[in-house]
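Reading the structure
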Amino acid sequence: MQTEKAEKENGSAEAFVALSDFTGGDTDQLTFSAGDRLLVHAKPSPQWWWAELRGVVGYVPARYLRLDAEEEDGSTEDPWQDDEYFGIYGSLRLHLEMLSDRSRTETYRQVILSNSAPLRNKVVMDLGCGTGIISLFCAQLAQPSVVYAVEASSMVDYTRQLVKQNGYDEVVVVLQGRAEDIELPEQVDVLVSEWMGNCLLFEFMVESILLARDRCLRDGGMMWPSSAVLTLVPCQADSYYAENMAFWERPYGLDFTPLQPLAQKEFFTKPKFSHLIEPSDCLSPPCDVICLDMHSLQVSNLEEMKGQFHFCVEKSGIFHGFTAWFTVHFESLEPGGATVELNTGPNSEPTHWKQTLFMLDRPVRVNAGDFISGNIVLLRNPIWRRHMTITLHWSIKGSTDDTENHEGGTKSFPMWR
């Protein structure tokens, strides 16, 4: 980051306001707080802009800024982005992807089937029901007294048709609305939902689940899923690194390495969703870093979550980054009954979530016996409520005297703003 006074180019610069705090992860990045006013002098990429704050210039993430004039003309966006969010879930493409995910869908079917007897005459709420598949499983495989299928998107009109088409309209009551607004005529015995997003929490549908739990679930009622775990592992990502970074070394026999810093910012700043890690690319056994009890978790807990990790490298290789996935568990309604698990990790059947890859800025060679320790922080965006930033702090303690293996780092990954 340049510390000298920036040249004043106010004629071409645009004034922006910071939406939330940001800590620069490199020497050429600015650090700023929510409400700070910055002058943007250049926009070299959609993700990173060249800006000035109090006479100091550096790169800033574009997603953290809005035009200074937006507040005055009242054109600020809905922080929940409901039109966009529910618009996506009103299209068939996403439901096709979810219903085609047999691991996900069959797990919910198995939960209902294995609890068919204790579900008899129970009141069930299926929140964010989409096409109503879980509600239909309840009606088909068990005998609940009623299933309240709640959906906020326009898909709800088709859900009603599907319920009637399959002959379960006397059991399944389809309601349209947000969980925060829906009023049920009675408390429910079971609240079931498929609320998980990338890296478990992305999109924060979980907040709606918790609010519905507090309003609608009777004392002693059951939450499905009952618990959730976010898991992390240090990993290799040779092909992804080669495609996006090593490519620029000698394409067509020419030296394109000046583009590597830009490639790093463009391709490695955000996490890579829908990543499929091979088990052989895991450098150590994984570690559970965040554990959620869905019966006791509070909405206030979602603002910031922290976890620790300590990995012992089992095989030598290139440490390119971390891969994350989640697992959810469904407790039985019967005492001593079997718990059903949905695991989205690399040793389970692939799901539509796959895994999430967090790339380091620079790969590090590690050796068997090295230790990678640190912590993870999930910080919810204070403005855009469906988004968050994941920050990883790590240190490497080498098993040899190789100085490369005595280092660490910190990197923040916005998801998505």
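The sections below set out a description of the structure shown in this document.

Parameters at a glance
The numbers attached to residues start from 1 for each chain and follow its sequence in the written order. Selection of residues for local features in this predicted model requires a pLDDT of at least 70, selection of side-chain atom pairs for listing and counting requires 80 or more, and totals for whole chains, interfaces and linings are taken over all residues. The basis for every side-chain value is the complete set of heavy atoms in the structure, and neither hydrogens nor water enter the calculation. Remark: nonpolar core denotes a set of buried residues (Ala, Val, Leu, Ile, Met, Phe, Trp, Tyr, Cys) joined through side-chain atoms within 4.5 Å. Three exposure classes are used, based on accessible area relative to the maximum for each residue type with a 1.4 Å probe and protein chains only: buried under 20%, partly exposed in between, and exposed over 50%. The contact definition used throughout considers only heavy atoms, calling two residues in contact when any of these lie within 4.5 Å. Note on disulfides: each one is a pair of cysteine sulfur atoms within 2.5 Å. Strands are runs of DSSP state E lasting at least 2 residues, helices are runs of H or I lasting at least 4, and numbering of each runs from the N terminus. A helix is expected to span 1.5 Å for every residue after the first. To define axes, lines are fitted to C-alpha atoms, for helices over the stretch in contact only, and angles between the resulting N-to-C directions are given on a 0 to 180 degree scale. Our angle categories are set so that under 35 degrees counts as roughly parallel, over 145 as roughly antiparallel, 65 to 115 as roughly perpendicular, and the remainder as oblique. Here the nonpolar group is Ala, Val, Leu, Ile, Met, Phe, Trp, Tyr, Cys and Pro; Asp, Glu, Lys and Arg are the charged ones; every other residue, Gly included, is treated as polar. Each pair of strands is called paired provided DSSP finds at least two bridges between the two strands. A right-handed crossover is one whose linking path, passing over the helix from the first strand to the second, runs clockwise when the strands point away from the viewer. Aromatic rings from Phe, Tyr and Trp, with only the six-membered ring used for Trp, were paired whenever their centres fell within 6.5 Å, and each pair was classed as stacked if the ring planes differed by under 30 degrees, edge-to-face if by over 60, and tilted otherwise. Note on definitions: salt bridges are taken to be side-chain nitrogens of Lys or Arg within 4 Å of carboxyl oxygens of Asp or Glu.

Some words on the nonpolar core
Within the largest apolar cluster, 92 residues are counted, with the highest numbers of intra-cluster contacts made by W195, L201, L292, F309, F319 and F322. When neighbours within four sequence positions are excluded, L201 is seen to be in contact with W195, V206, L292, M305, L378 and M388. L38, W48, A51 and Y64 belong to the second largest nonpolar core, which has 15 residues in total.

Quick word on the state of the cysteines
When the sulfur atoms of two cysteines share a covalent bond, that bond is a disulfide. All chains considered together, the criterion is met by 0 disulfides. C129 provides the cysteine sulfur closest to C138, a residue in no disulfide bond, and the two sulfurs are 11 Å apart. In this structure C235 is a free cysteine whose sulfur lies 7.0 Å from that of C282, the closest cysteine sulfur available. Its relative accessible area of 0% is what places C235 among the buried residues.

Let's talk about helix α7 (residues 205-216)
Here α7 is 12 residues long and its end C-alpha atoms lie 16 Å apart, about the 16 Å a rise of 1.5 Å per residue gives. Buried within α7 are the following residues: M205, V206, E207, S208, I209, L210, A212, R213 and C216. Against the buried residues of α7 lie α2 (82-89), β6 (123-127), β9 (188-193), β10 (217-224) and β18 (371-380).

Some points on the packing of helix α3 (residues 92-100) against helix α4 (residues 102-114)
At a minimum axis distance of 5 Å, the contact between α3 and α4 shows a crossing angle of 70 degrees. When the interaxial angle is binned, α3 and α4 end up roughly perpendicular. Of the residues in α4, those in contact with M98, L99 and S100 of α3 are R102, R104 and T105. Of the residues assigned to the contact of α3 with α4, the class counts are 2 nonpolar, 2 polar and 2 charged.

Section: the pairing of β10
By the bridge criterion, 4 bridges tie β9 to β10 in an arrangement that is parallel. From the neighbouring strand, L191 faces β10, where its bridge partner is M223. As for the winding sense of the linkage, the β-α-β connection from β9 through α7 to β10 is right-handed.

Concerning the packing of aromatic side chains
Here the structure, examined in full by the defined rule, presents 21 aromatic pairs. Pairing F358 with F413 gives two aromatic rings, centres 5.1 Å apart and planes at 75 degrees, and the pair type is edge-to-face. You can see F358 sitting in strand β17 (residues 355-366) and its partner F413 sitting in strand β20 (residues 408-415), a full 55 residues away along the chain. Overall, the relative accessible area of 1% leaves F358 in the buried class.

Here's the deal with the sheet that holds strand β5 (residues 65-67)
Spatial ordering of the open sheet is given by β4-β3-β2-β1-β5, a layout of 5 strands whose pairing is antiparallel. Here the strands that pair on one side only, and so sit at the sheet edges, are β4 (56-61) and β5. Averaged over all adjacent pairs, the angle separating strand axes in this sheet is 45 degrees, with direction ignored.

Focus: the sheet that holds strand β14 (residues 304-312)
Pairing is antiparallel across the open sheet formed by 4 strands, whose spatial order is β14-β18-β19-β20. Of all the strands in the sheet, the pair left with one neighbour each is β14 and β20. Direction aside, neighbouring strands of the sheet carry axes that sit 15 degrees apart on average. Here strand β19 (residues 388-397) runs beside β20; their pairing, made up of 8 bridges, is antiparallel. For L392, the partnering residue across the bridge sits in β20 and is K411.

Some thoughts on the pattern of salt bridges
Applying the stated criterion across every chain, the model contains 17 salt bridges. Across the salt bridge formed by R54 and D36, the nearest N and O atoms sit 3.8 Å from each other. Separated by 18 residues along the polypeptide, R54 in the loop between β3 (48-53) and β4 and D36 in the loop between β1 (14-18) and β2 (37-42) bring together distant segments of the chain. The buried category is assigned to D36, whose relative accessible area is 14%. Here R218 makes a salt bridge to D189, at a shortest N to O gap of 2.5 Å. Here R218, found in strand β10, pairs with D189, found in strand β9; they are 29 residues apart in sequence, far enough to count as distant. Since its relative accessible area comes to 32%, R218 is described here as partly exposed.

Quick look at the pairing of β6
Within β6, 5 of the 5 residues are buried, which leaves the element mostly enclosed by the surrounding structure. With burial as the criterion, each face of β6 is covered, one bearing V123, M125 and L127 and the other bearing V124 and D126. Following the chain from β6 across helix α5 (residues 133-141) to the adjacent parallel strand β7 (residues 146-151), one finds a crossover that is right-handed. Relative to β9, β6 is paired through 4 bridges, and the arrangement is parallel. Bridge pairing in β9 links M125 to L191.

Here's the deal with unusual backbone geometry
In this chain, W224 is followed by P225 through a cis amide linkage whose omega measures -5 degrees. Note on placement: P225 falls in the loop between β10 and β11 (227-235). The omega torsion of the bond from M415 to W416 falls at 0 degrees, within 30 degrees of zero and hence cis. The phi dihedral of R54 falls on the positive side, at around 50 degrees, and the residue is not glycine. Unusually for a residue other than glycine, Y252 sits at a positive phi of about 55 degrees.

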